[in-house]
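Each chain, letter by letter, is given below.
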Amino acid sequence: MKENKKIIHVLIVICFLFFVLVGYLTYVQVFKSKEIVQNSYNRRQYQADENTVRGKILDRNGVVLAYNEENSDEQQRKYPYSSLYSHVIGYNSKVYDKSLLEASYNSYLLGLDDYTKVFNLFKSSSQDKKEGNNLLLTIDHELQKLGHELLENRNGAIVAMNPKTGEILALVSKPDFDTNEEMLAKTWKTMVESQNAPFLPRATQGLYTPGSTFKVAIAAAIIENGMDDQKFNDKGVITIDGKEISNSGKKAYGEIDLKKALAVSSNVVFAQLGVKLGQEKLQELSERLGFGNDIPFDIPVSRSQFQYDKMEQNDMAAVAIGQGKILISPLHMAMITSGIANNGIIMKPFLVSSIVSPAGKEIKSFKKEEFKKIMEPGVAAKINKMMQEVVNSGTGKKAAITGIKVAGKTGTAENELTHQKKDKEHAWFIGFAPAENPQIAVAIVLEYSGSSGGTIAAPIAKKIMEKYLKDK
(Lines give C-alpha, C1' and ligand atoms only; values in the text may rest on other atoms or scores of the structure.)
Protein backbone atom coordinates (compact mmCIF):
# COMPACT_ATOMS: atom_id res chain seq x y z
CA MET A 1 0.00 0.00 0.00
CA LYS A 2 2.79 2.38 0.90
CA GLU A 3 4.48 1.72 -2.43
CA ASN A 4 1.22 2.45 -4.29
CA LYS A 5 0.81 5.71 -2.40
CA LYS A 6 4.35 6.72 -3.33
CA ILE A 7 3.67 5.95 -6.99
CA ILE A 8 0.44 7.98 -6.86
CA HIS A 9 2.29 10.93 -5.27
CA VAL A 10 5.00 10.76 -7.94
CA LEU A 11 2.34 10.66 -10.68
CA ILE A 12 0.59 13.67 -9.15
CA VAL A 13 3.87 15.63 -9.10
CA ILE A 14 4.62 14.63 -12.70
CA CYS A 15 1.11 15.64 -13.81
CA PHE A 16 1.45 18.93 -11.96
CA LEU A 17 4.79 19.68 -13.64
CA PHE A 18 3.31 18.70 -17.01
CA PHE A 19 0.42 21.15 -16.61
CA VAL A 20 2.83 23.89 -15.44
CA LEU A 21 4.91 23.31 -18.59
CA VAL A 22 1.80 23.39 -20.83
CA GLY A 23 0.62 26.57 -19.09
CA TYR A 24 3.99 28.24 -19.53
CA LEU A 25 4.22 27.31 -23.21
CA THR A 26 0.68 28.60 -23.75
CA TYR A 27 1.60 31.88 -22.01
CA VAL A 28 4.72 32.27 -24.17
CA GLN A 29 2.78 31.53 -27.38
CA VAL A 30 -0.08 33.91 -26.58
CA PHE A 31 1.67 36.78 -24.80
CA LYS A 32 5.40 36.60 -25.60
CA SER A 33 5.65 35.21 -29.13
CA LYS A 34 5.80 38.63 -30.80
CA GLU A 35 8.48 39.86 -28.39
CA ILE A 36 10.58 36.72 -28.95
CA VAL A 37 10.27 36.93 -32.73
CA GLN A 38 11.40 40.57 -32.67
CA ASN A 39 14.26 40.03 -30.25
CA SER A 40 17.58 40.74 -31.94
CA TYR A 41 19.11 37.58 -30.40
CA ASN A 42 16.52 35.40 -32.10
CA ARG A 43 18.34 33.42 -34.81
CA ARG A 44 15.13 33.08 -36.79
CA GLN A 45 14.90 36.85 -37.05
CA TYR A 46 18.54 37.06 -38.13
CA GLN A 47 17.96 34.50 -40.86
CA ALA A 48 14.80 36.33 -41.97
CA ASP A 49 16.81 39.57 -42.25
CA GLU A 50 19.34 37.77 -44.46
CA ASN A 51 16.79 36.00 -46.62
CA THR A 52 14.21 38.78 -46.97
CA VAL A 53 14.22 42.08 -48.82
CA ARG A 54 13.04 44.24 -45.97
CA GLY A 55 9.91 46.24 -46.77
CA LYS A 56 10.02 49.90 -47.79
CA ILE A 57 8.85 52.79 -45.62
CA LEU A 58 7.06 55.60 -47.46
CA ASP A 59 5.50 58.95 -46.54
CA ARG A 60 1.79 59.74 -47.03
CA ASN A 61 2.41 60.71 -50.68
CA GLY A 62 4.53 57.70 -51.63
CA VAL A 63 8.00 59.22 -51.13
CA VAL A 64 10.40 56.35 -50.26
CA LEU A 65 12.08 57.03 -46.91
CA ALA A 66 13.78 53.65 -46.34
CA TYR A 67 14.50 50.67 -48.58
CA ASN A 68 16.83 47.69 -48.97
CA GLU A 69 19.66 47.42 -51.48
CA GLU A 70 21.69 44.34 -52.28
CA ASN A 71 25.44 44.79 -52.15
CA SER A 72 27.81 41.84 -52.62
CA ASP A 73 25.00 39.38 -51.90
CA GLU A 74 24.19 41.22 -48.65
CA GLN A 75 21.09 43.23 -47.84
CA GLN A 76 21.82 46.81 -46.77
CA ARG A 77 19.26 49.21 -45.38
CA LYS A 78 19.33 52.59 -47.08
CA TYR A 79 18.00 55.90 -45.79
CA PRO A 80 18.05 58.39 -48.68
CA TYR A 81 17.41 61.36 -46.38
CA SER A 82 20.21 60.44 -43.96
CA SER A 83 19.31 62.12 -40.64
CA LEU A 84 15.82 63.44 -41.43
CA TYR A 85 13.99 60.43 -39.98
CA SER A 86 16.52 59.29 -37.39
CA HIS A 87 13.98 59.95 -34.62
CA VAL A 88 10.97 58.55 -36.49
CA ILE A 89 12.05 55.54 -38.57
CA GLY A 90 15.25 54.97 -36.62
CA TYR A 91 17.85 52.53 -37.97
CA ASN A 92 18.25 48.86 -38.86
CA SER A 93 21.81 47.74 -38.33
CA LYS A 94 23.57 44.38 -38.11
CA VAL A 95 25.88 45.84 -35.48
CA TYR A 96 23.66 48.24 -33.53
CA ASP A 97 20.31 46.42 -33.83
CA LYS A 98 17.08 48.37 -34.55
CA SER A 99 15.25 51.39 -33.21
CA LEU A 100 11.88 53.16 -33.42
CA LEU A 101 9.65 52.17 -36.38
CA GLU A 102 12.28 49.74 -37.69
CA ALA A 103 12.02 47.93 -34.35
CA SER A 104 8.31 48.23 -33.54
CA TYR A 105 7.20 47.10 -37.04
CA ASN A 106 10.05 44.64 -37.61
CA SER A 107 7.83 41.57 -37.98
CA TYR A 108 5.72 43.27 -40.66
CA LEU A 109 8.77 44.58 -42.54
CA LEU A 110 10.18 41.03 -42.62
CA GLY A 111 6.82 39.39 -43.32
CA LEU A 112 6.96 37.46 -40.04
CA ASP A 113 3.54 38.64 -38.91
CA ASP A 114 0.82 35.99 -38.67
CA TYR A 115 -1.35 37.48 -41.44
CA THR A 116 1.42 37.41 -44.04
CA LYS A 117 2.44 33.86 -43.11
CA VAL A 118 -1.10 32.50 -43.16
CA PHE A 119 -2.08 34.08 -46.47
CA ASN A 120 1.33 33.62 -48.09
CA LEU A 121 1.65 37.27 -49.12
CA PHE A 122 5.41 37.06 -49.64
CA LYS A 123 6.61 38.02 -53.07
CA SER A 124 9.74 36.33 -54.44
CA SER A 125 12.53 38.56 -55.71
CA SER A 126 15.99 37.88 -57.11
CA GLN A 127 18.03 34.92 -55.86
CA ASP A 128 14.98 33.35 -54.17
CA LYS A 129 14.81 36.11 -51.57
CA LYS A 130 11.38 37.15 -50.36
CA GLU A 131 10.02 40.66 -49.92
CA GLY A 132 8.60 41.96 -46.67
CA ASN A 133 5.67 44.34 -46.29
CA ASN A 134 5.77 48.10 -46.81
CA LEU A 135 4.80 50.76 -44.26
CA LEU A 136 2.86 53.83 -45.39
CA LEU A 137 3.26 56.68 -42.92
CA THR A 138 1.08 59.67 -42.04
CA ILE A 139 4.17 61.90 -42.27
CA ASP A 140 4.25 64.62 -44.92
CA HIS A 141 7.82 64.51 -46.25
CA GLU A 142 7.79 68.15 -47.43
CA LEU A 143 6.55 69.31 -44.02
CA GLN A 144 9.18 67.18 -42.28
CA LYS A 145 11.89 68.73 -44.45
CA LEU A 146 10.65 72.24 -43.71
CA GLY A 147 10.61 71.60 -39.97
CA HIS A 148 14.15 70.24 -40.16
CA GLU A 149 15.32 73.35 -42.03
CA LEU A 150 13.54 75.77 -39.68
CA LEU A 151 15.15 74.28 -36.57
CA GLU A 152 18.54 75.03 -38.18
CA ASN A 153 21.29 74.25 -35.63
CA ARG A 154 19.06 74.55 -32.60
CA ASN A 155 18.25 71.60 -30.35
CA GLY A 156 14.55 71.00 -29.90
CA ALA A 157 11.47 69.48 -31.48
CA ILE A 158 8.55 70.15 -33.80
CA VAL A 159 5.35 68.12 -33.77
CA ALA A 160 2.56 68.69 -36.29
CA MET A 161 -0.63 66.64 -36.30
CA ASN A 162 -4.13 66.59 -37.68
CA PRO A 163 -6.29 67.33 -34.62
CA LYS A 164 -9.36 65.64 -36.12
CA THR A 165 -7.70 62.32 -36.95
CA GLY A 166 -4.54 62.02 -34.83
CA GLU A 167 -2.32 61.62 -37.92
CA ILE A 168 1.24 62.83 -37.25
CA LEU A 169 2.24 65.13 -40.12
CA ALA A 170 5.75 66.01 -38.97
CA LEU A 171 7.92 64.78 -36.08
CA VAL A 172 11.27 66.54 -36.01
CA SER A 173 13.92 66.25 -33.30
CA LYS A 174 17.38 67.77 -33.15
CA PRO A 175 20.19 66.98 -32.80
CA ASP A 176 19.81 64.08 -35.21
CA PHE A 177 22.20 61.70 -36.97
CA ASP A 178 22.75 59.82 -40.23
CA THR A 179 21.17 56.38 -39.83
CA ASN A 180 22.94 54.67 -42.74
CA GLU A 181 25.14 51.77 -41.58
CA GLU A 182 28.48 53.20 -42.72
CA MET A 183 27.84 56.53 -40.96
CA LEU A 184 26.63 54.83 -37.79
CA ALA A 185 29.93 52.93 -37.64
CA LYS A 186 31.91 56.16 -38.08
CA THR A 187 30.01 58.28 -35.57
CA TRP A 188 28.62 55.85 -32.98
CA LYS A 189 31.35 56.31 -30.34
CA THR A 190 31.28 60.08 -30.66
CA MET A 191 27.49 60.16 -30.37
CA VAL A 192 27.47 57.88 -27.32
CA GLU A 193 29.92 60.24 -25.58
CA SER A 194 28.19 63.44 -26.72
CA GLN A 195 26.59 65.68 -24.08
CA ASN A 196 23.99 66.72 -26.68
CA ALA A 197 22.27 63.30 -26.49
CA PRO A 198 21.76 62.85 -30.27
CA PHE A 199 20.05 59.47 -29.71
CA LEU A 200 17.23 61.10 -27.70
CA PRO A 201 14.05 61.57 -29.80
CA ARG A 202 13.13 64.89 -28.23
CA ALA A 203 9.67 65.09 -29.82
CA THR A 204 8.52 61.90 -28.11
CA GLN A 205 10.93 61.22 -25.24
CA GLY A 206 12.19 64.67 -24.32
CA LEU A 207 10.53 66.06 -21.17
CA TYR A 208 10.33 69.82 -20.60
CA THR A 209 8.64 72.28 -18.28
CA PRO A 210 5.81 73.64 -20.46
CA GLY A 211 6.04 77.26 -19.35
CA SER A 212 3.14 79.50 -20.26
CA THR A 213 1.74 77.07 -22.84
CA PHE A 214 0.25 75.26 -19.83
CA LYS A 215 -1.89 78.31 -19.12
CA VAL A 216 -4.39 77.11 -21.74
CA ALA A 217 -5.11 74.08 -19.54
CA ILE A 218 -5.34 76.25 -16.42
CA ALA A 219 -7.72 78.60 -18.24
CA ALA A 220 -9.94 75.61 -19.07
CA ALA A 221 -10.07 74.62 -15.39
CA ILE A 222 -10.92 78.21 -14.44
CA ILE A 223 -13.84 78.23 -16.91
CA GLU A 224 -15.04 74.82 -15.70
CA ASN A 225 -15.12 76.08 -12.13
CA GLY A 226 -17.08 79.24 -12.97
CA MET A 227 -14.19 81.59 -12.15
CA ASP A 228 -13.73 83.17 -15.59
CA ASP A 229 -15.68 86.38 -14.94
CA GLN A 230 -13.17 87.76 -12.41
CA LYS A 231 -11.06 90.89 -12.93
CA PHE A 232 -7.51 91.27 -11.64
CA ASN A 233 -5.26 94.22 -10.88
CA ASP A 234 -1.96 93.20 -12.44
CA LYS A 235 0.88 95.27 -10.95
CA GLY A 236 3.60 93.25 -12.67
CA VAL A 237 4.76 91.47 -9.50
CA ILE A 238 3.04 89.45 -6.78
CA THR A 239 4.33 87.61 -3.72
CA ILE A 240 2.72 84.26 -2.90
CA ASP A 241 3.72 82.36 0.21
CA GLY A 242 6.96 84.33 0.44
CA LYS A 243 7.96 83.84 -3.20
CA GLU A 244 7.95 86.67 -5.73
CA ILE A 245 6.34 85.94 -9.09
CA SER A 246 6.59 88.49 -11.88
CA ASN A 247 5.56 89.03 -15.48
CA SER A 248 8.18 89.16 -18.22
CA GLY A 249 10.11 92.36 -17.63
CA LYS A 250 7.85 92.98 -14.59
CA LYS A 251 5.40 94.65 -16.95
CA ALA A 252 2.15 95.73 -15.25
CA TYR A 253 -1.13 95.35 -17.18
CA GLY A 254 -3.53 97.01 -14.72
CA GLU A 255 -7.11 95.73 -14.53
CA ILE A 256 -7.49 92.72 -16.85
CA ASP A 257 -9.76 89.70 -17.27
CA LEU A 258 -8.89 86.07 -18.04
CA LYS A 259 -8.92 86.57 -21.84
CA LYS A 260 -6.48 89.49 -21.64
CA ALA A 261 -4.36 87.65 -19.06
CA LEU A 262 -3.86 84.75 -21.47
CA ALA A 263 -3.19 87.07 -24.41
CA VAL A 264 -0.39 88.91 -22.59
CA SER A 265 0.63 85.78 -20.62
CA SER A 266 0.26 87.35 -17.19
CA ASN A 267 2.10 85.32 -14.59
CA VAL A 268 0.63 87.52 -11.86
CA VAL A 269 -2.95 86.59 -12.78
CA PHE A 270 -2.37 82.90 -13.45
CA ALA A 271 -0.35 82.43 -10.25
CA GLN A 272 -3.35 83.71 -8.26
CA LEU A 273 -5.70 81.48 -10.23
CA GLY A 274 -3.56 78.44 -9.48
CA VAL A 275 -3.88 79.09 -5.75
CA LYS A 276 -7.66 79.57 -6.11
CA LEU A 277 -7.97 76.24 -7.93
CA GLY A 278 -6.05 74.45 -5.20
CA GLN A 279 -4.19 71.14 -5.10
CA GLU A 280 -7.14 68.81 -5.64
CA LYS A 281 -8.35 70.53 -8.82
CA LEU A 282 -4.81 70.92 -10.20
CA GLN A 283 -4.08 67.24 -9.69
CA GLU A 284 -7.42 66.25 -11.21
CA LEU A 285 -6.60 68.44 -14.23
CA SER A 286 -3.18 66.81 -14.66
CA GLU A 287 -4.71 63.33 -14.53
CA ARG A 288 -7.40 64.26 -17.03
CA LEU A 289 -4.74 65.60 -19.41
CA GLY A 290 -2.86 62.30 -19.17
CA PHE A 291 0.09 63.16 -16.92
CA GLY A 292 1.58 59.99 -15.45
CA ASN A 293 -0.10 57.77 -18.05
CA ASP A 294 1.24 55.92 -21.08
CA ILE A 295 0.46 57.37 -24.50
CA PRO A 296 -0.29 54.65 -27.08
CA PHE A 297 1.91 55.34 -30.09
CA ASP A 298 3.91 53.58 -32.80
CA ILE A 299 7.22 54.41 -31.09
CA PRO A 300 8.05 54.86 -27.37
CA VAL A 301 6.81 58.03 -25.62
CA SER A 302 7.98 59.25 -22.22
CA ARG A 303 5.30 59.72 -19.58
CA SER A 304 4.63 63.35 -18.71
CA GLN A 305 5.11 64.05 -15.02
CA PHE A 306 3.20 65.91 -12.31
CA GLN A 307 5.53 65.36 -9.37
CA TYR A 308 3.57 66.48 -6.32
CA ASP A 309 2.24 64.66 -3.27
CA LYS A 310 1.59 67.75 -1.19
CA MET A 311 1.42 71.26 -2.65
CA GLU A 312 2.06 74.55 -0.91
CA GLN A 313 0.59 77.77 -2.28
CA ASN A 314 3.77 78.65 -4.17
CA ASP A 315 3.69 75.18 -5.78
CA MET A 316 0.14 75.84 -7.01
CA ALA A 317 1.21 79.22 -8.34
CA ALA A 318 4.22 77.70 -10.11
CA VAL A 319 2.17 74.95 -11.78
CA ALA A 320 -0.39 77.51 -13.01
CA ILE A 321 2.33 79.30 -14.98
CA GLY A 322 3.79 76.04 -16.28
CA GLN A 323 6.74 75.87 -13.91
CA GLY A 324 7.53 73.80 -10.84
CA LYS A 325 7.74 70.02 -10.86
CA ILE A 326 5.83 69.31 -14.07
CA LEU A 327 7.34 67.92 -17.26
CA ILE A 328 5.76 67.16 -20.62
CA SER A 329 6.84 65.84 -24.02
CA PRO A 330 6.29 67.92 -27.17
CA LEU A 331 4.07 65.14 -28.58
CA HIS A 332 1.85 65.27 -25.49
CA MET A 333 1.68 69.08 -25.70
CA ALA A 334 0.62 68.77 -29.36
CA MET A 335 -2.07 66.31 -28.30
CA ILE A 336 -3.48 68.69 -25.67
CA THR A 337 -3.45 71.48 -28.27
CA SER A 338 -5.26 69.18 -30.69
CA GLY A 339 -7.80 68.37 -27.99
CA ILE A 340 -8.70 72.05 -27.68
CA ALA A 341 -8.89 72.32 -31.49
CA ASN A 342 -11.09 69.20 -31.70
CA ASN A 343 -13.89 70.29 -29.35
CA GLY A 344 -12.23 68.85 -26.24
CA ILE A 345 -11.37 65.40 -27.60
CA ILE A 346 -7.82 64.15 -28.17
CA MET A 347 -7.54 61.64 -30.98
CA LYS A 348 -5.08 58.77 -30.61
CA PRO A 349 -1.85 59.80 -32.39
CA PHE A 350 -0.47 57.50 -35.07
CA LEU A 351 2.45 57.37 -37.51
CA VAL A 352 1.65 54.33 -39.66
CA SER A 353 -1.50 54.64 -41.78
CA SER A 354 -1.33 51.21 -43.42
CA ILE A 355 0.76 48.09 -44.00
CA VAL A 356 0.82 46.86 -47.59
CA SER A 357 2.15 43.63 -49.07
CA PRO A 358 4.79 43.84 -51.86
CA ALA A 359 2.00 42.88 -54.29
CA GLY A 360 0.03 45.95 -53.19
CA LYS A 361 -2.55 44.21 -50.95
CA GLU A 362 -3.48 46.11 -47.81
CA ILE A 363 -2.76 43.91 -44.79
CA LYS A 364 -3.67 46.33 -42.05
CA SER A 365 -4.88 49.92 -41.85
CA PHE A 366 -5.04 52.35 -38.94
CA LYS A 367 -7.94 54.76 -38.69
CA LYS A 368 -8.81 57.64 -36.42
CA GLU A 369 -9.68 56.63 -32.88
CA GLU A 370 -10.72 58.69 -29.87
CA PHE A 371 -8.10 58.67 -27.11
CA LYS A 372 -9.29 60.98 -24.34
CA LYS A 373 -11.85 63.67 -23.62
CA ILE A 374 -10.14 66.52 -21.78
CA MET A 375 -12.89 69.16 -21.68
CA GLU A 376 -16.43 69.94 -22.78
CA PRO A 377 -16.94 71.40 -26.29
CA GLY A 378 -18.14 74.72 -24.87
CA VAL A 379 -14.98 75.09 -22.77
CA ALA A 380 -12.79 74.20 -25.77
CA ALA A 381 -14.59 76.83 -27.87
CA LYS A 382 -13.86 79.52 -25.26
CA ILE A 383 -10.17 78.55 -25.06
CA ASN A 384 -10.03 78.59 -28.88
CA LYS A 385 -11.28 82.21 -28.89
CA MET A 386 -8.80 83.19 -26.19
CA MET A 387 -5.93 81.57 -28.09
CA GLN A 388 -6.93 83.53 -31.20
CA GLU A 389 -6.55 86.71 -29.15
CA VAL A 390 -3.00 85.62 -28.23
CA VAL A 391 -2.12 85.69 -31.95
CA ASN A 392 -4.22 88.74 -32.85
CA SER A 393 -3.08 91.10 -30.12
CA GLY A 394 -0.90 89.26 -27.61
CA THR A 395 2.44 87.50 -27.35
CA GLY A 396 1.88 85.27 -30.42
CA LYS A 397 1.57 87.90 -33.17
CA LYS A 398 4.43 86.36 -35.16
CA ALA A 399 2.32 83.24 -35.75
CA ALA A 400 -0.33 85.22 -37.64
CA ILE A 401 -1.10 84.07 -41.21
CA THR A 402 -2.71 86.50 -43.64
CA GLY A 403 -6.29 85.52 -44.41
CA ILE A 404 -6.33 82.61 -41.90
CA LYS A 405 -7.41 82.69 -38.27
CA VAL A 406 -4.73 81.20 -36.03
CA ALA A 407 -5.05 80.17 -32.38
CA GLY A 408 -1.88 79.90 -30.32
CA LYS A 409 0.01 80.28 -27.07
CA THR A 410 3.62 81.18 -26.41
CA GLY A 411 5.77 79.90 -23.58
CA THR A 412 9.13 80.64 -21.98
CA ALA A 413 10.13 77.86 -19.63
CA GLU A 414 12.73 77.91 -16.89
CA ASN A 415 14.88 74.80 -16.54
CA GLU A 416 17.87 73.38 -14.69
CA LEU A 417 20.26 75.94 -16.25
CA THR A 418 18.11 79.06 -15.84
CA HIS A 419 19.36 79.95 -12.37
CA GLN A 420 23.00 79.27 -13.28
CA LYS A 421 23.28 81.22 -16.53
CA LYS A 422 21.38 83.94 -18.34
CA ASP A 423 19.35 83.35 -21.51
CA LYS A 424 18.91 79.60 -21.08
CA GLU A 425 15.10 79.34 -21.08
CA HIS A 426 13.25 76.95 -23.41
CA ALA A 427 11.06 78.68 -26.00
CA TRP A 428 7.63 77.14 -26.70
CA PHE A 429 4.76 77.69 -29.07
CA ILE A 430 1.55 75.71 -29.48
CA GLY A 431 -1.23 76.47 -31.92
CA PHE A 432 -3.66 75.39 -34.63
CA ALA A 433 -5.26 76.69 -37.81
CA PRO A 434 -7.67 77.58 -39.29
CA ALA A 435 -9.12 78.36 -35.86
CA GLU A 436 -12.73 77.88 -36.97
CA ASN A 437 -12.03 74.52 -38.68
CA PRO A 438 -8.63 73.24 -37.48
CA GLN A 439 -6.64 71.11 -39.94
CA ILE A 440 -3.22 71.24 -38.29
CA ALA A 441 -2.00 71.61 -34.70
CA VAL A 442 1.62 72.21 -33.72
CA ALA A 443 3.87 72.13 -30.68
CA ILE A 444 7.38 73.54 -30.88
CA VAL A 445 10.11 73.68 -28.24
CA LEU A 446 13.58 75.18 -28.67
CA GLU A 447 16.02 74.22 -25.96
CA TYR A 448 17.99 76.80 -23.97
CA SER A 449 17.22 79.43 -26.61
CA GLY A 450 17.14 82.38 -24.24
CA SER A 451 14.23 83.87 -26.15
CA SER A 452 10.49 83.95 -25.66
CA GLY A 453 8.31 81.55 -27.60
CA GLY A 454 6.74 84.51 -29.37
CA THR A 455 10.10 85.63 -30.74
CA ILE A 456 11.49 82.49 -32.39
CA ALA A 457 9.06 79.58 -31.95
CA ALA A 458 5.93 81.38 -33.21
CA PRO A 459 7.44 82.25 -36.65
CA ILE A 460 8.41 78.59 -37.11
CA ALA A 461 4.85 77.51 -36.29
CA LYS A 462 3.51 80.04 -38.77
CA LYS A 463 5.62 78.64 -41.61
CA ILE A 464 4.73 75.02 -40.78
CA MET A 465 0.98 75.71 -40.64
CA GLU A 466 1.05 78.01 -43.66
CA LYS A 467 2.80 75.45 -45.86
CA TYR A 468 0.51 72.61 -44.87
CA LEU A 469 -2.66 74.62 -45.46
CA LYS A 470 -1.34 75.96 -48.76
CA ASP A 471 -0.37 72.48 -50.08
CA LYS A 472 -3.51 70.74 -48.76
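What counts and how
Within each chain, residues carry numbers counting from 1 in the order of the written sequence. In keeping with the model being predicted, local features are shown solely for residues with a pLDDT of at least 70 and side-chain atom pairs are shown and tallied solely at 80 or more, while totals for entire chains, interfaces and linings include all residues. With hydrogens and water set aside, each side-chain value is computed from the structure's full complement of heavy atoms. A pairing counts as a salt bridge when a side-chain nitrogen of Lys or Arg comes within 4 Å of a carboxyl oxygen of Asp or Glu. The helix and strand labels rest on DSSP assignments: H or I over at least four residues marks a helix, E over at least two residues marks a strand, and numbering proceeds from the N terminus. Relative accessibility decides the category of a residue: with a 1.4 Å probe and only protein chains considered, values under 20% of the type maximum give buried, values over 50% give exposed, and everything between is partly exposed. Between any two strands, pairing holds if DSSP finds at least two bridges.

Caption draft 1: Representation of the pattern of salt bridges. According to the stated counting rule, one finds 17 salt bridges in the structure shown. Close ionic contact of Lys-348 with Glu-369 constitutes a salt bridge, the shortest N to O distance being 4.0 Å. A residue pair is termed long-range when its members are at least 10 positions apart, and Lys-348 in the loop between β18 (345-347) and β19 (352-356) and Glu-369 in the loop between β20 (362-365) and β21 (370-373) qualify at 21 residues. Its relative accessible area of 43% is what places Glu-369 among the partly exposed residues. Here Lys-467 ties to Asp-471 by a salt bridge, and the two come within 2.8 Å at their closest N and O atoms. Of this pair, Lys-467 and Asp-471 both sit in helix α15 (residues 453-471), four residues apart, roughly one helical turn. For Lys-467, a relative accessible area of 25% puts it in the partly exposed group. For Asp-471, a relative accessible area of 47% gives the class partly exposed.

Caption draft 2: Representation of the pairing of strand β11 (residues 168-174) within the structure. By the criterion of burial, β11 is predominantly enclosed, with seven of the seven residues buried. Bridge count for strand β10 (residues 156-161) against β11 is six bridges, and the pairing is antiparallel. Directly across from Gly-156, in β11, lies its bridge partner Lys-174.

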